[in-house]
Amino acid sequence: MGKYAIIDIGGSQLKVEPGKFYDIRRFTSNLDTLGFNKQISINRILLVHDEAVIKIGSPWLSNAVVKGRLLHSCSKKKLVIQKISCKKKKQKIFVYRESMVRLVIDSISLSDPKTKTN
């Protein structure tokens, strides 16, 4: 098992590995003005596993950073909700589709807190 991290993004916890794609909930409304294929860095990291070293934050690790890119927007599968009143012969149909963003993780870095860089 290689390097992985558990991050908190979009209101959910996600296990991420470098070089893999993930669909996350759209976490900002101005994503179109921010642009796609933009670099982002995520600081809300709960756990980092690197070969034999496991670092757990309480609640987050202060010296860890996950860097990735926002590729494009996408949608989840359509969710159909039906409400049926049996005696009134009435039916309501609601359709819901959640907006998602495709994210690719470039790197997971864990810096040593003892060494300071200027």
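What you see is a predicted model, and the numbers here were worked out from it, not measured in a lab. Residues take numbers from 1 onward in each chain, read along the sequence in its written order. Since the coordinates come from a predicted model, pLDDT governs what is reported: local features require at least 70, and pairs of side-chain atoms require 80 or more to be given and counted, while whole-chain, interface and lining totals use all residues. Where side-chain values are given, they derive from all heavy atoms of the structure, hydrogens and water being excluded.

With respect to the nonpolar core
Phase 1: Within the largest apolar cluster, 18 residues are counted, with the highest numbers of intra-cluster contacts made by I45 and V66.
Phase 2: Strands here mean DSSP runs of E at least two residues long; helices mean DSSP runs of H or I at least four residues long; both are numbered from the N terminus. Breaking this core down by element, the ones donating at least two residues are β1 (4–9), β3 (21–25), β4 (38–42), β5 (45–50), β7 (64–75) and β10 (99–110).
Phase 3: The greatest single-element share of this core, amounting to four residues, is contributed by β10.
Phase 4: When checking whether two residues touch, look at their non-hydrogen atoms; a contact exists if any pair is within 4.5 Å. In this structure, V66 is in contact with A5, I7, V16, I40, S41, I42, I45, I105, S107 and I108, ignoring residues within four places of it in sequence. Among buried residues, those of type Ala, Val, Leu, Ile, Met, Phe, Trp, Tyr and Cys that are joined through side-chain atoms within 4.5 Å constitute a nonpolar core. Summary of the burial criterion: residues with accessible area below 20% of their type's maximum are buried, those above 50% are exposed, and those between are partly exposed, where the area comes from a 1.4 Å probe applied to protein chains only.

Points about the sheet that holds β10
Pairing between sheet strands relies on hydrogen bonds along the backbone, with the strands arranged either parallel or antiparallel.
Phase 1: Two strands are said to pair when DSSP picks up at least two bridges between them. One open sheet holds the four strands; their spatial order is β3-β10-β7-β4, and the pairing between them is antiparallel. Each having just a single partner strand, β3 and β4 make up the two edges of the open sheet. Within this sheet the neighbouring strands show an average axis-to-axis angle of 40°, counted without direction.
Phase 2: Judged from the 11 bridges that link them, β7 and β10 form a sheet pairing that is antiparallel. Following the sheet pairing, R69 is matched in β10 by V104. Note on definitions: angles span 0 to 180 degrees between N-to-C directions of axes, and those axes are lines fitted to C-alpha atoms, for helices only across the stretch in contact.

Quick word on the pattern of salt bridges
Pairing of side chains with opposite charge becomes possible as their charged atoms draw close.
Phase 1: For this document, the term salt bridge refers to a Lys or Arg side-chain nitrogen within 4 Å of an Asp or Glu carboxyl oxygen. Tallied over the full model, the rule gives six salt bridges.
Phase 2: Taking the shortest distance from any N to any O, the salt bridge between D23 and R102 comes out at 2.6 Å. With D23 in strand β3 and R102 in strand β10, the pair connects residues that are 79 residues apart, well separated along the chain.
Phase 3: Between E98 and R25 there is a salt bridge whose closest N-O contact spans 2.9 Å. Separated by 73 residues along the polypeptide, E98 in the loop between β9 (90–96) and β10 and R25 in strand β3 bring together distant segments of the chain.
Phase 4: Assessed through its relative accessible area of 17%, E98 is described here as buried.
Phase 5: According to the relative accessible area criterion, R25 is partly exposed, its value standing at 44%.
Phase 6: If you follow the salt bridges from partner to partner, you end up with R25, K76 and E98 in one network.

Here we look at the environment of D106
Phase 1: Among the structural elements, D106 can be located in strand β10.
Phase 2: Its relative accessible area of 32% is what places D106 among the partly exposed residues.
Phase 3: Separated by 88 residues in sequence, D106 and P18 have C-alpha atoms that sit 5.3 Å apart.
Phase 4: Discounting residues that sit within four places of it in the chain, D106 has contacts with P18, Q39, K67, G68 and R69.

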